[in-house]
Every structure is written in C-alpha cells, then in structure tokens.
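# Geometric and topological summary
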Amino acid sequence: MLDVTYDWDRARPPTTLSFFDQKWARRLDPLCFSGVWRFHELLPFAPPEKIVTIGEGQTLLHDSLGVGKFVGMQPNRLFLQYEGMNPSGSFKDNGMSAAFTHARTIGAQRAACASTGNTSASLAVYCAVTQFMKAVIFVGSGKIAYGKLSQALDYGALTVQIAGDFDDAMARVKEVSEQLGIYLVNSVNPFRLEGQKTIMYRVLEAMRWDPPDWIVVPGGNLGNSSAFGKAFMELRELGLIDRVPRLAVINASGANTLYELYEHRGLRWNGGRPSMEIANSYYAELDADSRRASTIASAIEINRPVNLTKCLRALDFCNGVVREVTDQEMLDAKAQVGAGGLGCEPASAASVAGAKMLRAEGVIGPDERVVCILTGHQLKDPTATVAYHTTDQEQFNKVLGSRGVKRAAFANRAVAVSNNLEEIVRAIQLYS
Ligand code: F0G
C-alpha cells in the first residue's frame with residue numbers, strides 16, 4: 001500500500017490552523033469554497049491549476065441534543081458530522097475530488113472502482129460533471145442500495161454487476177484496471193485518503209480548532225479511519241494541534257473483520273510491522289467456512305478491508321478502540337438520528353450505535369466531546385428506512401427480520417385511513 005508523504009520544509013504549511021479562517025472571505029474562488037481545497041496547504045500534492053472540484057465538503061457539524069441523550073451524553077457533548085451534504089450524498093466526494101485531481105495530473109482517461117454504492121455514485125458524479133474521464137463501476141449484484149444504484153445509472157456510468165459481493169468486486173476491479181490501464185479510485189489509491197483527511201480539518205474548524213475527545217466512525221474498507229489517523233499524525237508533526245482525539249472504529253457485527261482481528265486476536269500496528277499472519281489465517285478461516293459479510297448496512301458489508309494496515313496505524317496513533325454493533329442497534333440509532341433531522345443511511349448510524357455502546361461501557365465519559373461521522377445521506381437506502389417504520393409485517397420480516405432485527409422501538413408508523421374527510425379528521429385528532 002502506498003502512502004502520500006510531503007517534504008514539509010518545501011511545502012511550507014501554515015503555522016497555525018486559524019490561517020484557514022481567512023479562506024472563506026475568498027469563497028468566490030472555487031479552491032477557497034471547496035471544503036477539501038480550502039485546506040490545500042495540508043494536501044499539497046498538485047498545483048492549483050490541476051485541482052478538480054465540484055463544490056464538495058460544504059458539510060455541517062451539528063450539535064444534536066436528541067442523539068446525545070440517546071447515546072447517554074450530557075447536553076452539548078455529542079456532535080454529528082453530516083457528510084450527507086456532499087454533492088453525491090456521502091463523504092466519498094472528499095476523496096474523489098483528490099483522486100480526480102491526481103488523475104488529471106497524469107492524464108487518465110477512464111476510472112474504475114468496486115463499490116458498495118457510495119464510491120461508485122461519487123465517481124459517476126465527478127465523471128458526469130467534469131467530463132474528464134469515463135466511469136466504470138463494479139458492484140456486487142443485489143448488494144447495493146437503490147438510492148446509490150440509481151445515481152450510477154442516472155449519471156451515465158458503465159455499471160458492471162458482478163455475481164458476487166464487494167470483496168469479489170474489489171478483487172476483480174484490481175485485475176481489470178491493471179490489465180486495461182484504467183485509473184483505480186478505490187481507497188487503495190492513496191490520493192483518495194488525502195481528500196478524506198479534510199473531514200477532520202472541518203471538524204476542527206467547527207470546534208474553533210480545539211480537538212474533540214473522540215472521533216467515532218463506521219468501518220468498512222477502512223479508508224476513512226486511515227485518513228483520519230493520517231490527518232492527526234501530520235497535524236501533530238507540524239505542531240498545529242497539541243492534543244489528538246481518540247478514534248473509535250465501528251464494524252457491523254455481520255462484517256466484523258477489524259473488530260475480530262483487533263479486539264480478539266491482538267493484531268496491532270507494531271511499529272509498522274503488523275503480523276499479517278494473524279489476518280491471513282482469519283481470512284483462511286472465512287474461506288474454509290464460506291463465510292461472507294452480511295449486514296443491512298450494505299455500505300460496510302465488507303470482510304476484507306483493503307486499508308487494514310493503515311487503519312492499524314491510525315488506531316495506534318489515536319489510542320483507538322474497535323467495536324461491533326448489530327443491525328438492530330444500527331437501525332435504532334438511525335431512527336434516532338432521523339428523528340432529529342439530517343437522517344443517515346444504516347452504515348452511518350454505526351457511529352452513533354458504537355458511541356452509545358462505548359458510553360455504556362464507561363470508555364467514553366458523559367462529559368467528553370464526541371463527534372460521530374454520519375457518512376451517507378438518509379435517501380441512499382429508502383428500503384431499510386421504510387421497512388423499519390412500516391406497518392406491514394411481511395415487509396418488515398423480509399427486509400429486517402431476516403437479519404435478526406426484531407423490533408422497531410422508534411418506528412413512526414403511517415396511519416391508514418379511508419378516503420373520507422370525517423375519518424381523516426378523526427385520525428389527525430387522535431394521533432396529533
Ligand atoms: N459509511 C458509508 C455510507 C460508506 O459508503 C462506507 C464505505 C463506509 C461508511 C465505510 O467507510 O470504507 O472508509 O471504512 N463505502 C465504500 C463504497 C466501501 O464502496 O462506497 P470506509
């Protein structure tokens with residue numbers, strides 16, 4: 001795995017983070033408006049004239065009282081970083097603008113990715129808006145939520161549906177890109193991670209450059225967690241922060257490779273020499289039992305995360321922890337996020353469910369400042385949301401019951417009435 005490193009003596013980054021405050025006054029310049037490129041000095045791998053931006057990163061750090069209460073925090077201690085506000089509706093646009101910038105510097109014509117849906121939606125949007133490259137996307141058949149599939153199709157990407165899951169699609173796309181010379185934008189591409197570092201810069205910016213105590217993030221392919229760790233490593237090295245937040249990476253229990261390896265089998269960064277034997281023997285077990293990732297959170301339905309080692313580095317630097325949460329826990333957390341507005345897709349709610357678990361364990365204190373990353377927009381996966389709130393038991397069982405979800409404790413059920421004014425009025429009086 002390659003990593004981007006900088007010669008900071010030559011790059012000359014700013015000496016304080018408040019340097020970035022002045023950028024907003026120049027927001028008519030797209031490089032100052034972008035939530036990625038207004039931090040260009042901290043990802044200086046391309047000259048300004050090569051930068052590709054479609055206005056990504058206008059995202060919000062939202063102080064959520066309701067979700068904070070659900071998690072068990074004191075008021076004003078739980079924040080949601082809402083990455084659903086990106087152009088394609090997920091955090092992936094942060095990394096995609098960086099990958100496109102690099103692709104432009106080398107003159108790539110076609111770009112490919114394997115995806116559980118958000119990377120592909122993001123790639124498709126950037127191709128459609130910029131017209132720099134043609135998109136080829138690989139998805140596992142039936143493994144992608146409808147909102148995301150509809151984006152790839154609508155934006156005109158060549159969509160290859162593989163009879164397999166994400167892990168299969170990832171293996172194939174690596175082979176195909178090598179064979180056909182297509183630019184690969186999965187997070188094995190180190191430039192993607194450079195863009196994703198900026199999510200942390202925006203969190204710090206919103207907190208007036210005072211780092212929170214915890215960053216809680218869902219873990220799938222582990223690009224985000226790796227990028228967050230790198231962001232803090234560099235900020236520390238540059239003397240721009242004096243305190244590093246702790247990192248909590250949350251797996252779905254049906255796709256829990258990192259949790260298993262880190263919390264049960266003792267896999268560690270180990271000064272840059274992690275024991276890959278531990279990981280490989282676990283993968284051999286998965287193969288021997290034909291075990292596949294399985295969770296309602298299709299975004300993180302991944303058993304072989306490509307950024308595993310970089311994530312171990314991040315966990316090491318940020319004194320991290322890993323947890324797994326069930327589909328039930330994720331969906332209940334998702335309903336709580338939705339009830340406060342700014343809803344999210346199931347995988348994103350892993351961060352909130354994980355924070356609640358860590359709070360209950362006492363690992364997170366009630367008055368610590370916690371930031372949960374909401375990685376994707378609520379509209380990405382309408383099937384899961386509607387099934388949670390439905391009154392149709394058959395639909396509930398089909399979508400959720402089959403995954404071990406038993407209750408919908410926070411469901412907001414629609415009220416069925418006949419097409420009759422009196423009955424409608426009665427129903428409104430009864431329920432409001
Ligand atoms: N949340 C959402 C909504 C995602 O789409 C993903 C990953 C993750 C969390 C996990 O992030 O991979 O950085 O650990 N989605 C990828 C995709 C795999 O293809 O869209 P990670």
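Structure first, text after, so check above.
Let me sum up the structure you'll find in this document. Keep in mind it's a predicted model, so treat the numbers as computed, not measured.

### Some words on the overall build of the protein
Within the protein, the secondary structure is distributed over 18 helices and 10 strands. On C-alpha atoms alone, the protein measures out to a radius of gyration of 21 Å, which is about the 22 Å that the 2.2 N^0.38 rule sets for 432 residues. In terms of overall dimensions, the protein has C-alpha extents of about 75 × 50 × 45 Å along its principal axes. Sorting the 432 residues of the protein into buried and exposed places 57% on the buried side. Considering only contacts within the protein whose residues lie at least 6 apart along the sequence, 71% involve residues at least 24 apart. Accessible surface computed for the protein: about 18200 Å², of which carbon and sulfur atoms make up 50%. Taken together, the 45 basic and 45 acidic charged side chains of the protein have centroids lying 2 Å from each other.

### Some thoughts on the packing of helix α9 (residues 198–206) against helix α10 (residues 223–237)
At a minimum axis distance of 8 Å, the contact between α9 and α10 shows a crossing angle of 60 degrees. It follows that α9 is oblique to α10 by the angle criterion. Contacts between α9 and α10 involve Ile-199, Met-200, Tyr-201 and Leu-204 from the first element and Asn-224, Phe-228, Ala-231, Phe-232, Glu-234 and Leu-235 from the second. Grouping the amino acids of the contact of α9 with α10 by side-chain chemistry returns eight nonpolar, one polar and one charged.

### Here's the deal with the packing of aromatic side chains
Applying the stated rule across the entire model yields 11 aromatic pairs. Arranged with centres 5.0 Å apart and planes meeting at 50 degrees, the rings of Tyr-6 and Trp-8 form a pair that is tilted. Each member of the pair, Tyr-6 as well as Trp-8, carries the same accessibility label: buried. Counting every residue linked through ring pairs, the aromatic cluster contains Phe-19, Phe-20, Phe-39, Tyr-201 and Trp-209. Seen from the ring of Tyr-262, Arg-268 lies directly overhead, with NZ or CZ sitting 3.8 Å from the centre. When the ring centre of Phe-70 is taken as reference, the NZ or CZ atom of Lys-356 above it lies at 4.4 Å.

### So, the pattern of salt bridges
Applying the stated criterion across every chain yields a total of 24 salt bridges. Across the pair Lys-23 and Glu-41 runs a salt bridge, and its minimum N-O distance is 2.9 Å. Placement of the pair is Lys-23 in the loop between α1 (8–11) and α2 (30–33) and Glu-41 in the loop between α2 and β1 (60–63), with a sequence separation of 18 residues. On the accessibility criterion, Glu-41 (24% relative accessible area) is partly exposed. A salt bridge links Asp-289 to Arg-291; the shortest N-O distance between them is 3.4 Å.

### Here we look at helix α16 (residues 382–389)
For α16, the set of buried residues is Ala-384, Thr-385, Ala-387 and Tyr-388. For α16, the angular spread of the buried residues around the axis is 165 degrees, confining them to a single face. Of the surrounding secondary structure, the elements contacted by the buried residues of α16 are α14 (327–339) and α17 (393–399).

### A short note on the site of the ligand
In the vicinity of the ligand, 21 residues are found, and the nearest of them are Ser-115, Asn-221, Leu-222, Asn-224 and Thr-375. The separation between an oxygen atom of the ligand and a polar main-chain atom of Thr-116 is 2.8 Å. Between the ligand and Gly-223 there is a distance of 3.0 Å, counted from an oxygen atom to a backbone nitrogen or oxygen. Relative to its unbound accessible surface of 480 Å², the ligand loses 99% to contact with the protein.

### With respect to the nonpolar core
In this structure, Leu-17, Leu-123, Met-200, Ile-215, Phe-228, Leu-235 and Leu-247 are the most contacted members of the largest nonpolar core, which totals 79 residues. Those residues in contact with Leu-17 that sit more than four places away from it in its chain are Leu-42, Leu-204, Trp-209, Leu-235, Leu-240 and Ile-241.

### Some thoughts on a nonpolar patch on the surface
Taken together, the side chains of Val-415, Val-417, Ile-424, Ile-428, Leu-430 and Tyr-431 make up a nonpolar region of the molecular surface, amounting to roughly 580 Å² of accessible area. Mapped onto the secondary structure, Leu-430 falls in helix α18 (residues 421–431). Using a relative accessible area of 64% as the deciding quantity, one classes Leu-430 as exposed.

Reading the values: the criteria
- Residues numbered from 1 in each chain as written.
- Predicted model: local features only at pLDDT ≥ 70, side-chain atom pairs only at ≥ 80, totals over all residues.
- Heavy atoms only, no water.
- Helix = DSSP H or I, 4+ residues; strand = E, 2+ residues; numbered from the N terminus.
- Rg over C-alpha atoms; globule rule 2.2 N^0.38 Å.
- Buried < 20%, exposed > 50% of the residue type's maximum accessible area, 1.4 Å probe, protein only.
- Contact = heavy atoms within 4.5 Å.
- Areas by Shrake-Rupley, 256 points an atom, 1.4 Å probe, with all protein chains shown as cover.
- Lys, Arg positive; Asp, Glu negative; His and termini not counted.
- Charge placed at Lys NZ, Arg CZ, Asp CG, Glu CD.
- Axes fitted to C-alpha atoms, helices over the stretch in contact; angles between N-to-C directions.
- Parallel < 35°, antiparallel > 145°, perpendicular 65-115°, else oblique.
- Nonpolar A, V, L, I, M, F, W, Y, C, P; charged D, E, K, R; others polar.
- Phe/Tyr/Trp six-rings, centres within 6.5 Å; stacked < 30°, edge-to-face > 60°.
- Lys NZ or Arg CZ within 6 Å of the ring centre and 35° of its normal.
- Salt bridge = Lys/Arg side-chain N within 4 Å of Asp/Glu carboxyl O.
- Arc of directions from axis to C-beta.
- Near = heavy atom within 4 Å.
- Polar contact = N/O pair within 3.5 Å; in protein donor to acceptor, adjacent residues only side chain to side chain.
- Core = buried A, V, L, I, M, F, W, Y, C linked by side-chain atoms within 4.5 Å.
- Patch = residues over 30% accessible without salt bridge, like charges linked within 9 Å, V, L, I, M, F, W, Y side chains within 5 Å.

Note that all results are geometric; they support no functional claim without further evidence.
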